Amino acid sequence: VFVKQAGQIDTVFPLANQSPAEMPTGWNPNYKPKEQRFSLFVPPQATVPRNLKESGMKATSGFPLVLFISPGKNPQGWPQFEKVCRQNNVFFASPYDAGNNCDLPRRVQIILDVLGQLRAEYPIDPEQTYLAGFSGGGRVALMIAYALPEYVGGVIPVCAAEAPREESWLRERVASRLSVALITGENDFNR
């Protein structure tokens, strides 16, 4: 699937301690969101229209999502999440070209553009949205989740972890709403 447009989610705040009114100069030079693609699994039961009033669904209902961030150029995670996604009607997405070799501002932009598009097109439940990733992808998943906990219910990093950010108000929001399932190997050199 191709990204349709740059998303509306703040891509600067996860990397900075404030959100400027305008994107900083040179933040993401030459980034073209419509050239960005991602792997997507849509559960068969997700034929519910986006307009929840017309569908009869309650505003609090929606579908779970796992957004997996790979350390490499290609999407990863589907073989590990396929069974649970198919059995429980969980969306799964993983972007291309958002690995460890991608500039961090561009990587965060790609991930949040994918998340924004899925939230715009489907009734995705933020309380059941999980950022996951392996190695550097796990660290980026933590970085985004710690900065924007209102967009996710949990994070599953398979890596050595980052500490939550220093802002006390943000630490309170993270502690009150974010579930973290940290998975790391005993011999991980970053542990």
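Residues numbered from 1 in each chain as written. Predicted model: local features only at pLDDT ≥ 70, side-chain atom pairs only at ≥ 80, totals over all residues. Heavy atoms only, no water.

A. Expanded view of helix α4 (residues 136-147). For α4, built from 12 residues, the straight-helix expectation of 16 Å at 1.5 Å per residue is met to within 8% by its first-to-last C-alpha distance of 17 Å. The buried fraction of α4 amounts to 10 of the 12 residues, a majority that puts the element mostly inside the structure. Within α4, burial applies to Gly136, Gly137, Gly138, Val140, Ala141, Leu142, Ile144, Ala145, Tyr146 and Ala147. On its buried face, α4 is in contact with β2 (63-69), α3 (104-121), β4 (124-134), β5 (154-158), α5 (168-177) and β6 (179-180). (Helix = DSSP H or I, 4+ residues; strand = E, 2+ residues; numbered from the N terminus. Expected span 1.5 Å × (residues − 1). Buried < 20%, exposed > 50% of the residue type's maximum accessible area, 1.4 Å probe, protein only. Contact = heavy atoms within 4.5 Å.)

B. Main features of the sheet that holds strand β3 (residues 91-95). Strand order in this open sheet of six strands is β1-β3-β2-β4-β5-β6, and the pairing throughout is mixed. Whereas interior strands pair on both sides, the edge strands pair on one side only; in this sheet they are β1 (38-41) and β6. With two bridges joining them, β5 and β6 adopt parallel strand pairing. Note that in β6 the partner of Gly154 across the bridge is Ser179. (Pairing = 2+ DSSP bridges.)

C. Examining the side chain of Arg165 more closely. Checked against the element boundaries, Arg165 lands in the loop between β5 and α5. A distance of 2.6 Å separates a polar atom in the side chain of Arg165 from the backbone oxygen of Phe13. Among residues more than four places away in sequence, those in contact with Arg165 are Phe13, Pro14, Leu15, Ala16, Asn17, Ala147, Leu170 and Arg171. (Polar contact = N/O pair within 3.5 Å; in protein donor to acceptor, adjacent residues only side chain to side chain.)

All quantities given are derived from atomic positions and should not be read as evidence of function.
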